[in-house]
Amino acid sequence: MFCLSVRCAFLLFACMAACATQTIGGGGGLAGPIASSGVPGAPCQPTAQGEGCRFAPGPVRMKCDAATSTWLQVEACPAGSTCLEAPDPTSGAGTKKLTQCKATGAAAAGDAAASGDGSTTAADASATDTGATTGDAAKLADSGPPTDAAPDSQPKPDGAVGDAFVPDAGSPDASETDTGSPDLGSADLGKPDVSPPDAKPDIPCKLECAGKECGPDGCGGICKTCSSGLQCDAGKCKLIGGGVGLGVSCFAKSQACVPGSQCVATKTIDDFVCLPDQGSGKACGPGIGYCGAGLDCTFDGEAKTGLKCAAQNAAGQACGIYGGGFCQPGGQCFYTSVEYKTLKCYADVGLDEPCGQVGKGLCAAGLECVSVVKGAKSYVCKPSSPVGGACGPGVGGCEDPAECSWTSSQQTTAQCYAPGGPGATCGDFATATSCAAWLACNEAISGAGTGTCLPMKLAGQPCGYGVGWCANFLICGPKDATSGTSVCLPLGGKDAACGPGVGYCFTGYECSAPDLKSMGTCGEKCKAKGLYGNGTCDTGCLYLDPDCAQ
């Protein structure tokens, strides 16, 4: 199977159909009913996640460590305080958060701005259908009757909706309770305070993070911490020892490419190297580079012979996978009608609102589009859970990068599982359903049900069951017409050569070769075979078949 992500066409062309997993939900962002960060050691995404709060057993500040791509504990908040979040103003996509511990009885009037809502912008880098349903709604193997999500047991931070006033940090008046304003020293003339005046009255504080990548925020906290390999210098994160430079191999390395570049497949897809970010209208993809902030790498036409950078669009504007950008953070590109001809950006959908259907769009960060009940064709936005949390139809999805999987073959309950590391067991039930970056779930034999997380293979390397699966832009196919050995081969678009030892076709195209021993060219299969509108829902077409009704 070869998938084209509606948000990032260049990111996910993996063909892992042989890795049998029975997932019913995907990660939906940081926010969730339990915490905005994962537990210590849980996987995270440093490019989209900065800091976060947890509240079990008590408030704790967490950090997404770039060196290990896992959550690390920064500090446990002292007694009488809680963990608050604030948007990171230096995060270009607006997804990252900053945290600080604040006294629960002495939060400033500005705390409302500092307390984060835990949301993130889901600039999804994984493959999603552009059809009737995407994300979890598309891959959801519905289960069981809906299960009520666990009630929110977290304390609301000072300044959250519902606070009636800001209480004194000191002892309350014995004769009459203060209504919020702290004593500044002068005793009440009518009914004097029995207790001493507040030692530390609330003082409004304005964050000073504009233009800063790191450093103090002017309110006793920090704007942002630098990733591993970087140090803070006058509000800017600077490289310590250089990082991974341009043209240097970055395949499976933990250290990031130098700023202004990304880890990209080479033209021959036999390695991944750091290549410069590309600007609007510029070519992008393997051997060239990916797009800079605010741009998407999309196919320049339905022939899928080239890619270029296009600007992201606002809600209400047209979008598409061929030549036009997708949507800005906070929006999703979706079909406008059941004819499946035009696409536009829809604003993210809120909690418990309908989603995943034509003309409705997808869920906001921290929410997941799941079926109302098992077997239902209607979908609703439900909260995302952290690793170990409940998920499934009527319940919700999982925080990235966790996956939602049935806990048993009875398919009555589901749980969020963290991606497996090298050598980890992966498979259908009660285990990791996916693997960490640069790894793929590989069965020893076809139909085994469970496998092992093995390193991805590059062009020309052996692949298959018990060996490993191929990296992006590659597919596992016959090395030649006679040996029976399989290797990783490139994928091509319209009129591209295909066959043993050469390569195969992108989704929507089919090799004209009569068998796996012959050579041919890639052609648009559903159009050539008259499958559009023939009364049968045909999958794997270049365009969504109108017969595939909701």
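That block above? That's the structure.
Residues numbered from 1 in each chain as written. Predicted model: local features only at pLDDT ≥ 70, side-chain atom pairs only at ≥ 80, totals over all residues. Heavy atoms only, no water.

1. Notes on the nonpolar core
Cys250, Phe272, Ala471 and Leu474 are the most contacted members of the largest nonpolar core, which totals 22 residues. For this core, the secondary structure elements donating two or more residues are strand S11 (261-265) and strand S12 (272-276). Here the element with the most residues in this core is S12; it accounts for 4 residues. The next biggest cluster of nonpolar side chains, apart from the first, holds 12 residues, and it includes Cys284, Leu295, Leu307 and Val487. (Core = buried A, V, L, I, M, F, W, Y, C linked by side-chain atoms within 4.5 Å. Buried < 20%, exposed > 50% of the residue type's maximum accessible area, 1.4 Å probe, protein only. Helix = DSSP H or I, 4+ residues; strand = E, 2+ residues; numbered from the N terminus.)

2. Details of the packing of aromatic side chains
All told, the structure shown has 5 aromatic pairs when counted by the stated rule. With centroids separated by 4.6 Å and ring planes inclined at 65°, the aromatic side chains of phenylalanine 251 and tryptophan 438 adopt a geometry described as edge-to-face. Pair noted here: phenylalanine 251 is in the loop between strand S10 (236-239) and S11 and tryptophan 438 is in the loop between strand S23 (425-427) and strand S24 (439-443), with a separation of 187 residues, a long-range link. A residue is classified by how much of its surface remains accessible, and tryptophan 438, at 23% relative accessible area, is partly exposed. Feature note: the residues Phe251, Phe272 and Trp438 constitute an aromatic cluster, connected by ring pairs. (Phe/Tyr/Trp six-rings, centres within 6.5 Å; stacked < 30°, edge-to-face > 60°.)

3. Concerning the environment of leucine 351
Along the chain, leucine 351 turns up in the loop between strand S16 (343-347) and strand S17 (367-371). Judged by its relative accessible area of 47%, leucine 351 is partly exposed. For leucine 351 and glutamate 368, which are 17 residues apart along the polypeptide, the C-alpha to C-alpha distance reads 8.9 Å. In this view, leucine 351 contacts Leu367, Cys381, Lys382 and Pro383; residues no more than four positions away in its chain are not counted. (Contact = heavy atoms within 4.5 Å.)

4. As for the pattern of salt bridges
Evaluation of the coordinates by the stated rule reveals 4 salt bridges. For lysine 382, the salt bridge goes to aspartate 352, with nearest N and O atoms at 2.8 Å. Of the two residues, lysine 382 sits in strand S18 (residues 379-385) while aspartate 352 sits in the loop between S16 and S17, which places them 30 residues apart along the sequence. The exposure class assigned to aspartate 352 is partly exposed, which follows from its relative accessible area of 45%. Between glutamate 510 and lysine 529 there is a salt bridge, and its shortest N-O distance comes to 2.8 Å. (Salt bridge = Lys/Arg side-chain N within 4 Å of Asp/Glu carboxyl O.)

5. Regarding the sheet that holds strand S31 (residues 520-524)
Reading across from one edge, S28-S31-S30 is the order of the 3 strands in this open sheet, with antiparallel pairing throughout. Here the strands that pair on one side only, and so sit at the sheet edges, are strand S28 (497-498) and strand S30 (509-511). The pairing of S28 with S31 spans 2 bridges and is classified as antiparallel. Counted as the bridge partner of alanine 497 is threonine 521 from S31. (Pairing = 2+ DSSP bridges.)

6. Focus: the state of the cysteines
Counted according to the given criterion, the structure contains 21 disulfides. What pairs with cysteine 498 in a disulfide is cysteine 511, and their sulfur atoms sit 2.0 Å apart. Residues cysteine 498 and cysteine 511 are joined through a disulfide that is right-handed, its torsion about the S-S bond being 90°. Here cysteine 498 is found in strand S28, whereas its partner cysteine 511 is found in strand S30, with 13 residues between them in sequence. With respect to burial, cysteine 498 and cysteine 511 carry one shared label: buried. (Disulfide = S-S within 2.5 Å.)

7. Examining the sheet that holds strand S3 (residues 60-65)
Taken in spatial order, the 3 strands line up as S2-S3-S4 in an open sheet, and their pairing is antiparallel. Only two strands of the sheet have a single neighbouring strand rather than two, namely strand S2 (51-54) and strand S4 (70-76). Along the sheet, successive strands turn relative to each other by an average axial angle of 35°, direction set aside. Where S2 and S3 come together, 4 bridges link them in antiparallel fashion. Residue pairing for S3: glycine 52 is matched across the bridge by methionine 62. (Axes fitted to C-alpha atoms, helices over the stretch in contact; angles between N-to-C directions.)

8. Some points on unusual backbone geometry
Both trends apply: most residues other than glycine have a negative phi, and most peptide bonds are in trans. The amide bond that connects aspartate 400 to the next residue, proline 401, takes the cis arrangement and shows omega of 0°. With respect to the helices and strands, proline 401 occurs in the loop between strand S20 (397-398) and strand S21 (403-406). Backbone geometry at aspartate 352 places phi at a positive 65°, although glycine is not the residue there. The phi dihedral of aspartate 495 falls on the positive side, at around 70°, and the residue is not glycine. On the secondary structure map, aspartate 495 appears in the loop between strand S27 (486-492) and S28.

Without other data, these values stay purely geometric and don't point to any function.
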